[in-house]
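# Analysis of the macromolecular model
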Amino acid sequence: MTSPLRLNIPVERSKLDNGLRIVLVPDRSSPVVAVSVLYDVGFRSEPEGRSGFAHLFEHMMFQGSEQVPKGEFDRLLMGNGGVLNGTTTPDFTAYFEVLPSAALEMALFLEADRMRSLVVDQENLDNQTAVVQEEIRLNVLNRAYGKFPWILLPALLFDTYPNVHDGYGSFEDLEAARLEDVREFFARFYTPANAVLAVCGDLHPDDVVELIEHHFAGIGGRPRPRLQSFAEPIRDGVRRSRYRDAFAPAPALALGYRVPDPIIHLDQVLALDVLARVLADGPASRLEQRLVRKEGLVTSVDAWIGEAPGWGGPFEMRDPTRFQISTFYPRASDRSRIIEAIDGEIEGVAGGLEPGEVDRVISRVTAEYARKMDHVLNRSLGAARLELLHDEPGLLDSIPALYAKVTARAVSEAARVWLRPDRRAELEVVPGGGQ
């Protein structure tokens with residue numbers, strides 16, 4: 001095996017008196033900066049009866065603040081050549097911008113103003129509730145496989161409200177939201193002590209810290225909310241469910257397995273991530289070879305850790321999270337053969353891997369990671385996530401080395417211990433409202 005890739009990504013950390021954590025990642029190769037603000041609140045922090053609050057709040061954050069009227073946040077950033085967006089995950093909500101470095105102070109001012117003085121009024125609540133409901137209709141209710149498997153499988157695999165409820169939220173909960181509930185949510189979670197600010201790109205650290213102090217230090221220092229544990233025990237037994245999807249043109253199947261805590265047992269989770277890629281990452285993977293190419297049982301197969309491929313992965317979630325295998329197939333009668341084949345390949349990995357199989361996967365992971373880290377936004381978001389969840393943004397540079405430590409023996413052990421057929425969830429989608 002060759003030496004692990006070293007990207008030499010410089011990371012500097014500091015903290016304001018009000019608790020705001022700061023991560024700077026200087027890279028003066030081009031006159032661009034990325035600004036990311038992550039708040040330590042996601043789907044899993046929503047109180048019962050308030051499903052969808054975290055995502056609703058992501059929308060509310062673009063509705064104006066004390067010094068920035070509605071619509072001006074987007075107009076100012078885009079008018080200065082920037083792009084922006086936000087996203088809500090189970091464990092955090094992220095807001096981010098990429099813009100010319102000459103406009104960095106404007107982005108910091110905009111983020112600070114909405115952190116300090118977001119406008120939370122009935123008009124904004126009503127129109128953003130309607131926007132979120134339309135988003136749910138478009139992306140979930142009126143779309144084939146809209147709930148598969150990211151909404152349906154957690155509800156089958158886990159037992160407690162934080163882990164099983166739909167993060168998009170129910171219409172009933174969204175419509176029942178009162179203005180005082182929303183204001184309390186903002187006061188509790190959108191405080192500097194509960195946030196991480198990461199800036200990456202064309203910057204001088206001392207100058208940027210000075211700008212950050214100027215714009216953020218005066219924001220009131222409300223206490224950081226107590227970090228809630230969402231852990232729940234792993235139970236033996238198989239959990240099965242069938243879901244009728246009137247829009248689905250073909251059957252689909254998802255298998256879900258519990259995995260160890262990704263913060264405490266990162267080495268085991270990375271072995272499972274390599275296992276997912278051995279099974280279903282690309283034409284050479286085991287399940288692709290067997291199920292798609294040789295036996296023709298399925299049209300596609302994926303395996304991953306987290307919420308969805310590319311979202312909520314090994315470095316983006318706290319415990320508990322999951323390993324998933326999903327597949328789409330033309331004949332419902334092949335379901336049992338597909339499960340037998342998946343179990344056979346997992347058993348094969350548990351028995352040992354082919355020479356070079358793990359090295360091939362790790363080389364691919366490393367190349368993907370290097371390409372991803374070439375973009376300032378990915379470095380900014382990555383550093384912020386690692387600060388928020390792992391308290392170690394320097395992991396940004398050592399991730400390739402961590403993967404390089406994964407051995408074939410560890411991957412086999414992960415398959416044997418964590419992908420047991422007697423301890424999983426099996427979710428089947430029945431197409432077209434059939435049986």
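Right, let's walk through the structure included here. Sequence order sets the numbering: in each chain, residues are counted from 1 along the sequence as written. Side-chain atom pairs in this predicted model are given and counted only at pLDDT of 80 or more, local residue features only at pLDDT of at least 70, and totals for whole chains, interfaces and linings cover all residues. As a rule here, side-chain values cover all heavy atoms of the structure and leave hydrogens and water aside.

Using a 1 Å grid laid over the protein atoms alone, points where a 1.4 Å probe fits but cannot get out form a cavity; open sets with protein on both sides within 12 Å along at least 5 of 7 lines form a pocket; any residue with an atom within 4 Å of a point counts as lining. Grid points are joined across faces, edges and corners, and a volume is the space filled by probe spheres set on the points. What the largest pocket holds in volume is close to 670 Å³. Along the walls of the largest pocket sit 28 residues, with Asp273, Arg277, Gly310, Pro314 and Lys372 positioned nearest its centre. For the lining of the largest pocket, the secondary structure elements donating two or more residues are helix H10 (266-280), strand E9 (300-305), helix H13 (357-372), helix H14 (376-390) and helix H15 (395-404). For the lining of the largest pocket, the per-class residue count stands at 17 nonpolar, three polar and eight charged. Within this model, the second largest pocket holds a volume of roughly 460 Å³. Within the residue set of the lining of the second largest pocket, elements represented by two or more residues are helix H1 (53-60), strand E4 (83-88), helix H4 (122-141), E9 and strand E10 (322-328). Per-class residue counts for the lining of the second largest pocket are 13 nonpolar, nine polar and four charged. Strands are runs of DSSP state E lasting at least 2 residues, helices are runs of H or I lasting at least 4, and numbering of each runs from the N terminus. Throughout, the ten residues Ala, Val, Leu, Ile, Met, Phe, Trp, Tyr, Cys and Pro are labelled nonpolar, Asp, Glu, Lys and Arg are labelled charged, and all others, Gly among them, are labelled polar.

Two strands pair if DSSP finds at least two bridges between them. Judged by pairing direction, the sheet is mixed, and its six strands sit side by side in the order E1-E2-E6-E3-E5-E4 without closing on themselves. Each end of this open sheet is capped by a strand with a single partner; those strands are strand E1 (12-15) and E4. Averaged over all adjacent pairs, the angle separating strand axes in this sheet is 15 degrees, with direction ignored. Looking at chain direction, strand E2 (residues 21-26) and strand E6 (residues 195-201) are connected through six bridges and run parallel. Within E6, the position partnered with Val25 by the bridge is Cys200. Any two residues having at least one pair of non-hydrogen atoms within 4.5 Å are treated as being in contact. For helices, the fitted line uses only the C-alpha atoms of the stretch in contact; every axis is such a line through C-alpha atoms, and the angle between N-to-C directions lies from 0 to 180 degrees. Docked against the sheet, helix H3 (residues 104-117) engages strand E3 (32-39), strand E5 (93-100) and E6, running at close to 155 degrees with respect to E5. In the packing of helix H9 (residues 205-216) onto the sheet, contacts are made with E1, E2 and E6, and the angle to E2 comes to roughly 150 degrees.

The end-to-end C-alpha distance of helix H12 (residues 335-351), which contains 17 residues, comes to 24 Å, matching closely the 24 Å that a straight helix rising 1.5 Å per residue would cover. Gly352 occupies a position one or two residues after H12 and carries a positive phi of about 140 degrees. How far a helix is expected to stretch is found by multiplying one less than its residue total by 1.5 Å.

The next thing to look at is the nonpolar core. Membership of the largest hydrophobic core comes to 69 residues, with the highest contact counts inside it found for Leu279, Phe323 and Ile325. For this core, the element with the highest residue contribution is H10, accounting for 11 residues. With residues near it in sequence (within four places) discarded, Ile325 still touches Leu253, Ala254, Leu255, Tyr257, Leu279, Leu287, Val301, Asp302, Ala303, Ile342 and Ile346. Of all hydrophobic cores here, the second largest spans 56 residues; its members include Leu16, Val41, Leu125 and Tyr190. Throughout this description, the term nonpolar core refers to a set of buried Ala, Val, Leu, Ile, Met, Phe, Trp, Tyr and Cys residues connected via side-chain atoms within 4.5 Å. The cut-offs for exposure are 20% and 50% of the maximum accessible area for each residue type, with area from a 1.4 Å probe on protein chains only; residues under the lower value are buried, those over the upper are exposed, and the others partly exposed.

The N-to-C vectors of H3 and H9 enclose an angle of 30 degrees; their axes lie 9 Å apart at closest approach. Comparing their axes, H9 and H3 come out roughly parallel. Seen along the crossing, H3 lies across H9 with a hand that is right-handed. In this structure, H3 contributes Leu104, Glu105, Leu108, Phe109, Glu111, Ala112, Met115 and Arg116 to the contact, and H9 contributes Val208, Leu211, Ile212, His214, His215 and Phe216. Tallied by class, residues from the contact of H3 with H9 come to nine nonpolar, two polar and three charged. With respect to orientation, any angle under 35 degrees is reported as roughly parallel, any angle over 145 as roughly antiparallel, any angle of 65 to 115 as roughly perpendicular, and every other angle as oblique. For any pair of crossing helices, the crossing counts as left-handed if the nearer helix is rotated counterclockwise from the farther one by less than a right angle, and right-handed if it is rotated clockwise.

Moving on, we get to the pattern of salt bridges. Put simply, a salt bridge is a Lys or Arg side-chain nitrogen that is within 4 Å of an Asp or Glu carboxyl oxygen. Summed over the entire model, instances satisfying the criterion amount to 41 salt bridges. With a shortest N-O distance of 3.9 Å, Glu123 and Lys70 are connected by a salt bridge. With Glu123 in helix H4 and Lys70 in the loop between H1 and helix H2 (72-79), this residue pair connects regions lying 53 residues apart in the sequence. For Glu123, a relative accessible area of 53% translates into the label exposed. Of the charged contacts, one joins Arg290 and Glu295 as a salt bridge, the two residues approaching to 3.0 Å between their closest N and O atoms.

Note that every value here comes from positions in space, so none of it alone points to a role or purpose.
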